[in-house]
Amino acid sequence: MTSFIFDMDGTLFQTDKILELALVDAFDRLRKLNLWDAGTPIDKYREIMGVPLPKVWEELLPQHSGEVRKAANEFFHERLIWNIQNGNGALYPNVEEVFKYITDNDHKIYIASNGLTAYLAAITKFYRLDRWVTETFSIEQVSSLDKGELVRSIMEKYHIQDGAVIGDRLSDINAAKANKLTAIGCRFDFAQESELAQADFVIEDLAELMDLTNGDILHANKVRRAD
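What comes next is a walk through the structure.

Rules of the game
Residues numbered from 1 in each chain as written. Predicted model: local features only at pLDDT ≥ 70, side-chain atom pairs only at ≥ 80, totals over all residues. Heavy atoms only, no water. Helix = DSSP H or I, 4+ residues; strand = E, 2+ residues; numbered from the N terminus. Expected span 1.5 Å × (residues − 1). Contact = heavy atoms within 4.5 Å. Core = buried A, V, L, I, M, F, W, Y, C linked by side-chain atoms within 4.5 Å. Buried < 20%, exposed > 50% of the residue type's maximum accessible area, 1.4 Å probe, protein only. Phe/Tyr/Trp six-rings, centres within 6.5 Å; stacked < 30°, edge-to-face > 60°. Lys NZ or Arg CZ within 6 Å of the ring centre and 35° of its normal. Pairing = 2+ DSSP bridges. Axes fitted to C-alpha atoms, helices over the stretch in contact; angles between N-to-C directions.

Structural notes on helix α7 (residues 147–158)
For α7, with 12 residues, the first-to-last C-alpha span of 17 Å sits near the 16 Å given by 1.5 Å per residue. Residues of α7 that are buried sit in contact with β1 (3–6), β2 (108–113), β3 (133–138), β4 (163–167) and α8 (170–178). Immediately downstream of α7, the backbone of H159 shows phi near 55 degrees, a positive value.

Structural notes on the environment of I173
If you trace the backbone, I173 turns up in helix α8. When the C-alpha positions of I173 and K17 are compared, they lie 24 Å apart, and in sequence the two are 156 residues distant. Dropping the residues within four chain positions of it, I173 is found in contact with A183, E195, L196, Q198 and A199.

Topic: the nonpolar core
Judged by nonpolar contacts, the single largest core of 55 residues is most densely connected at F6, W57, L129 and L206. Setting aside chain neighbours within four positions, we find L206 in contact with F6, T11, L12, Y92, P93, V95, V98, C186 and F188. Of all hydrophobic cores here, the second largest spans 18 residues; its members include L150, I160, I173 and A175.

Quick word on unusual backbone geometry
The backbone of D106 shows a phi angle near 65 degrees, a positive value even though the residue is not glycine. A positive phi angle is found at R128, which is not glycine, with a value near 55 degrees. Among the structural elements, R128 can be located in the loop between α6 (117–126) and β3. When its relative accessible area of 47% is taken as the criterion, R128 is described as partly exposed.

Regarding the side chain of E195
Looking at the element boundaries, E195 is found in helix α9 (residues 193–196). In contact with E195, not counting residues within four places along its chain, are D168, R169, L170 and I173.

So, the packing of aromatic side chains
For the structure on display, the rule yields 10 aromatic pairs. Relative to F76, the ring of W57 lies with its centre 5.7 Å away and its plane at 70 degrees, an arrangement referred to as edge-to-face. Remark: F76 occurs in helix α4 (residues 66–85) and W57 occurs in helix α3 (residues 53–60); sequence separation between them is 19 residues. Measuring from centroid to centroid gives 6.1 Å for F99 and W132, while their planes differ by 70 degrees, and the two rings are edge-to-face. With a gap of 33 residues between them, F99 in helix α5 (residues 95–104) and W132 in the loop between α6 and β3 connect regions that are remote in the sequence. Accessibility classification places F99 together with W132 in one group, the buried group. Ring pairs connect the aromatic residues F27, W36, Y45, W57 and F76, which therefore count as one cluster. The ring centre of F75 lies 5.1 Å from the NZ or CZ of R29, which sits over that ring. R79 extends its terminal NZ or CZ atom over the ring of W82, reaching a point 4.8 Å from the ring centre.

Topic: the sheet that holds β4
The strand order across the open sheet built from six strands is β3-β2-β1-β4-β5-β6, with neighbouring strands paired in parallel fashion. Lying at the two open borders of the sheet, with one neighbouring strand each, are β3 and β6 (201–203). Direction aside, neighbouring strands of the sheet carry axes that sit 20 degrees apart on average. In terms of strand pairing, β4 meets strand β5 (residues 182–186) through four bridges, oriented parallel. Counted as the bridge partner of V165 is A183 from β5. Sheet contacts for α7: β1, β2, β3 and β4; angle to β2, the most-contacted strand, approximately 150 degrees.

In short, shape yes, function no, at least from these values alone.
Have a look at this one:
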């Protein structure tokens, strides 16, 4: 049995469709509170997608207190969830087909995300991903906020020996490497070529996962363990 551990944002869920909407709302609120007097830093957010949210807000609001950052993040998440529940987001093409293919072939699917628990639950519920996903894990579940540790916790809980981590950013690739799993990079919206270059395989559509045989993944696992 091979286990597939997917990232959520920028891999399964097209975060781009709701990101700017929620970020604009969050910074409009900061402007109304006289806590921000510039434009909404959407490009900055795009650059740092894939890092834990406390670090995101340190980057977006470097001169502000922890209390202001926390309040901004909470409001931002409220708006993200509102947009999800109102159908403003979308899964990437072929998510459902690929998930069905994986589970029909007796493999397991997990999600490991830097997103917060309530946000991930909103996506999972709206798109009924629990039809195929064994369990969704949030970075909130590990104190280090390290994705490698999050993946390791999944492996320990479900006694995973072989598998792949599928994601669009370096944190996903590093999480695979740290746990001697196959790293599959997704050349999607937030991906960066310098990061994808470190993956074992790179795909441009999730449907390409159906062309990667179990042998391909197991071989990459063995190579990783030999390094």
